[in-house]
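Summary of the model geometry
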Amino acid sequence: MTENARAGKLVVISGFSGVGKGTVVNRLLSDYDHYTLSVSMTTRKPREGEVHGVNYYFVSNEEFEEMIGNGGLLEHAGYADHYYGTPRSFVEENMAKGKDVILEIEVQGAMQIKKAYPDAVLIFITTPSASVMAKRLIGRKTETEEQIDNRFKRAVEEAEHIKRYDYIVINDGLDDCVSEVNRIVESGEGGVRYDPKFKNRFLQDLLEIIAERTEAARARLHAQKDQ
Ligand code: 5GP
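Below: a short report on this structure. Computed from a prediction, not measured in an experiment: that's the story for all the values here.

1. Some remarks on unusual backbone geometry
Positive phi, close to 55°, is recorded for Lys-141, a residue that is not glycine. Within the element layout of this structure, Lys-141 appears in the loop between helix H5 (130–139) and helix H6 (145–159). Here Lys-141 falls in the exposed class, since its relative accessible area comes to 71%.

2. Quick notes on the site of the ligand
The immediate surroundings of the ligand are formed by 16 residues, with Ser-40, Arg-44, Tyr-56, Tyr-84 and Glu-106 found nearest. Within the side chain of Ser-40, a nitrogen or oxygen atom sits 2.6 Å from an oxygen atom of the ligand. Thr-86 places a polar side-chain atom, nitrogen or oxygen, 3.4 Å from an oxygen atom of the ligand. Contact with the protein chains removes 95% of the 510 Å² of surface that the ligand exposes when unbound. Those elements giving two or more residues to the shell around the ligand turn out to be strand E5 (73–79) and strand E6 (82–87). Split by residue class, the shell around the ligand holds 5 nonpolar, 4 polar and 7 charged.

3. Things to note about the sheet that holds strand E3 (residues 40–42)
Reading across from one edge, E4-E3-E6-E5 is the order of the 4 strands in this open sheet, with mixed pairing throughout. In this open sheet, the two edge strands, each paired with only one partner strand, are strand E4 (56–58) and E5. The mean inter-strand angle of the sheet, taken between neighbouring strand axes irrespective of direction, is 25°. As defined by bridge partners, E5 adjoins E6 across 6 bridges and the pair is classed as antiparallel. What sits directly across from Leu-73, in E6, is Pro-87. Packing of helix H2 (residues 61–69) onto the sheet brings it into contact with E3, E5 and E6, and relative to E6 it is tilted by some 45°. Strands in contact with helix H3 (residues 88–96) are E5 and E6; relative to E6, the strand with the most contacts, it is inclined by about 30°.

4. Structural notes on the pattern of salt bridges
For the structure on display, the rule yields 18 salt bridges. Note that Asp-149 and Arg-213 form a salt bridge whose closest N and O atoms lie 2.7 Å from each other. On the criterion of sequence distance, the pair formed by Asp-149 in helix H6 and Arg-213 in helix H8 (residues 196–226) is long-range, its members being 64 residues apart. Accessibility expressed as a relative area gives 25% for Asp-149, which makes it partly exposed. Residues joined in a network through salt bridges with shared partners are Arg-44, Arg-47, Glu-50, Arg-140, Glu-143 and Arg-151.

5. Some thoughts on the side chain of Thr-126
Locating Thr-126 in the fold gives a position in strand E8 (residues 121–126). When sequence neighbours within four positions are dropped, the list of residues in contact with Thr-126 reads Phe-16, Val-19, Ile-168, Val-169, Ile-170, Asn-171, Phe-198 and Phe-202.

Cut-off values and rules
Residues numbered from 1 in each chain as written. Predicted model: local features only at pLDDT ≥ 70, side-chain atom pairs only at ≥ 80, totals over all residues. Heavy atoms only, no water. Helix = DSSP H or I, 4+ residues; strand = E, 2+ residues; numbered from the N terminus. Buried < 20%, exposed > 50% of the residue type's maximum accessible area, 1.4 Å probe, protein only. Near = heavy atom within 4 Å. Polar contact = N/O pair within 3.5 Å; in protein donor to acceptor, adjacent residues only side chain to side chain. Areas by Shrake-Rupley, 256 points an atom, 1.4 Å probe, with all protein chains shown as cover. Nonpolar A, V, L, I, M, F, W, Y, C, P; charged D, E, K, R; others polar. Pairing = 2+ DSSP bridges. Axes fitted to C-alpha atoms, helices over the stretch in contact; angles between N-to-C directions. Contact = heavy atoms within 4.5 Å. Salt bridge = Lys/Arg side-chain N within 4 Å of Asp/Glu carboxyl O.

Shown next, in the form of structure tokens:
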């Protein structure tokens, strides 16, 4: 079968902040030629090194709301005080060409996609533990302390939605994770079974990390006051 003989798949990749989703997606794009990546629109400010039209389309609230009004977005969601959404035309054109279109989006958007496109493949990527995730998120130094706290809190909410994904992949090594995600897309097989014990342990660790960070922030505040 030639590539153009079949419509491409919609591949939704979600995961907590700091699980290495971006790296996995980049590798899927460079290792296989049947993928293309949807560039999202967002109202958040670019991080250092991010380029308009490559990482995101960085737009104002007004522009984003106009896109919603025009039906120009396939899905959209609010995340950490900003809008994020998937432009519709790129996805539809590329699926028609036979490309598997990757959407790297959060859970609210993923569920909108599942409803509108029941054939979409929904994959949730997680780290083996919350502490690995915390180390990566803090270590990449792209967020302020407050943003990091927000992302941890958001992860607590997101953990409850893992079970709504078709596949769960644990990123315990980049090469394996990339080939596992590709195997799922190509064959419909792979990933690990949803395990409530894993989720509960992850959640408990995450809550402890948040509590420790809150305690440390409180101690810093007291130290400042005493000076
Ligand atoms: P970041 O600000 O770290 O780039 O992204 C924050 C979150 O928004 C991530 O979970 C990312 O997957 C998600 N996200 C990025 N683009 C979209 C989008 O178009 N739609 C939705 N629903 N989420 C998105």
